[in-house]
Amino acid sequence: MTAAVTSTPISDVVTVPAAMGTTRFLTGTAATRIPTLPVSFQDQSPWTIELWFSADALTDAMTLVTRAGEFTLSCTGGTLTAAMAGQTVPLVYPTTLARNIFWYVAVQYDGQTMSMYLDGALVAQATTSASPAATGNPLAIGSGFYGEIQGLRVWNYAVRSDLLSDNQWNTFPSGTQGLLTQLDFTVWPAQDTSGHGVVPAYSRGVAYQPFTPATALATNSFCDPYHDEAVNPGGSTAPFTVAAWICPTATTDTMFVFTNGIAESTSGMTLGVAAG
């Protein structure tokens, strides 16, 4: 089936990226390393780490983000844990995460309290004065991790808790104060849009999986399949199924994913996303 993109006006059509997908970690030794990221875990310095990930399997121990000997965020049997080296009470979110679902996890340290947020909600918190010795090791994603990564963002301060819920949907412009890296793993190779030009290195077992088809739309843009004589379902008692894979980038008025052209039409079904 061939689709043509039509819009009113034409400037509302967003150019589809050359590649859009996700970065997959296929083996137990697969990892991505960032050797030059200047985040400090010493002297009770504040920081925030944000990660978008999906786990294919729930093994005994999967490292999500680490600087060996200084800090580790991991998923053990589906349970999230985070701690700095020497921290007596690690953060633990004991609820088992579902596989094959993307999660947004943020770990934040303000110099006294470390907090973990899952999809913007606080799930674990502990006070610590741990100050691990600097190791010179790179920041790494993966190692024992089987799954997908869509993004990593690191700040040199503790992002306010009331902003972390919104952060899971936002990207920040190049040069944003305090932003150390903003790595987009939905393109290959991953791109740092923070303005610092961070370039990750990949080990064997890290691969890119493109999504097809991928269409980006804005305002009044729409896709209208040509040579498709199938009738919009919902106009009769015949059973039907409609599935859509979407990634909204705005929360404005109701956005129609699938429609007969008129939201109130009785000749077919309409699938939409309500504001908020």
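Residues numbered from 1 in each chain as written. Predicted model: local features only at pLDDT ≥ 70, side-chain atom pairs only at ≥ 80, totals over all residues. Heavy atoms only, no water.

### A few points about the overall build of the protein
Item 1. The secondary structure content of the protein amounts to one helix and 20 strands.
Item 2. Sorting the 276 residues of the protein into buried and exposed places 38% on the buried side.
Item 3. Excluding contacts between residues fewer than 6 apart, the proportion of contacts in the protein whose partners are at least 24 apart in sequence is 65%.
Item 4. Summed over its atoms, the accessible surface of the protein is roughly 14800 Å², and 55% of this surface lies on carbon and sulfur atoms. (Helix = DSSP H or I, 4+ residues; strand = E, 2+ residues; numbered from the N terminus. Buried < 20%, exposed > 50% of the residue type's maximum accessible area, 1.4 Å probe, protein only. Contact = heavy atoms within 4.5 Å. Areas by Shrake-Rupley, 256 points an atom, 1.4 Å probe, with all protein chains shown as cover.)

### Thoughts on unusual backbone geometry
Item 1. Cis geometry is found at the peptide bond from Trp 188 to Pro 189, where omega equals -10°.
Item 2. Mapped onto the secondary structure, Pro 189 falls in the loop between β14 (179-184) and β15 (191-192).
Item 3. You will see that Asp 43, though not glycine, has its phi angle at about 55°, which is positive.
Item 4. Looking at the element boundaries, Asp 43 is found in the loop between β3 (31-34) and β4 (47-55).

### What to know about the confidence of the model for the protein
Item 1. In this model, the protein carries a mean pLDDT of 83, and residues with pLDDT of at least 70 account for 80%.
Item 2. Counted against residues more than four places away or in other chains, residues 1-18, with its pLDDT under 50, gives 34 contacts. (pLDDT = per-residue confidence, 0-100.)

### A closer look at the pairing of β4
Item 1. With nine of nine residues buried, β4 lies mostly within the body of the structure.
Item 2. What you see with β4 is no split at all: Trp 47, Ile 49, Leu 51, Phe 53 and Ala 55 on one side and Thr 48, Glu 50, Trp 52 and Ser 54 on the other are buried throughout.
Item 3. Pairing of β4 with strand β13 (residues 147-155), which is carried by eight bridges, proceeds in the antiparallel orientation. Looking across to β13, one finds that Ile 49 is bridged to Val 154. (Pairing = 2+ DSSP bridges.)

### Points about the nonpolar core
Item 1. One finds Trp 47, Phe 53, Leu 80, Met 116 and Leu 152 to be the most contacted residues of the largest nonpolar core, which totals 45 residues.
Item 2. The biggest single contributor to this core is β4, with five residues.
Item 3. In terms of nonpolar packing, the next biggest core, distinct from the first, is built from eight residues, Trp 52, Tyr 117, Leu 164 and Leu 179 among them. (Core = buried A, V, L, I, M, F, W, Y, C linked by side-chain atoms within 4.5 Å.)

### Digging into the environment of Gly 69
Item 1. Following the sequence through the fold, Gly 69 ends up in the loop between β5 (62-67) and β6 (71-76).
Item 2. Through-space distance from the C-alpha of Gly 69 to that of Ala 85 is 6.0 Å; in sequence the pair is 16 residues apart.
Item 3. With residues up to four places along the chain from it excluded, the contact list for Gly 69 reads Ala 85, Pro 132, Ala 133 and Thr 135.

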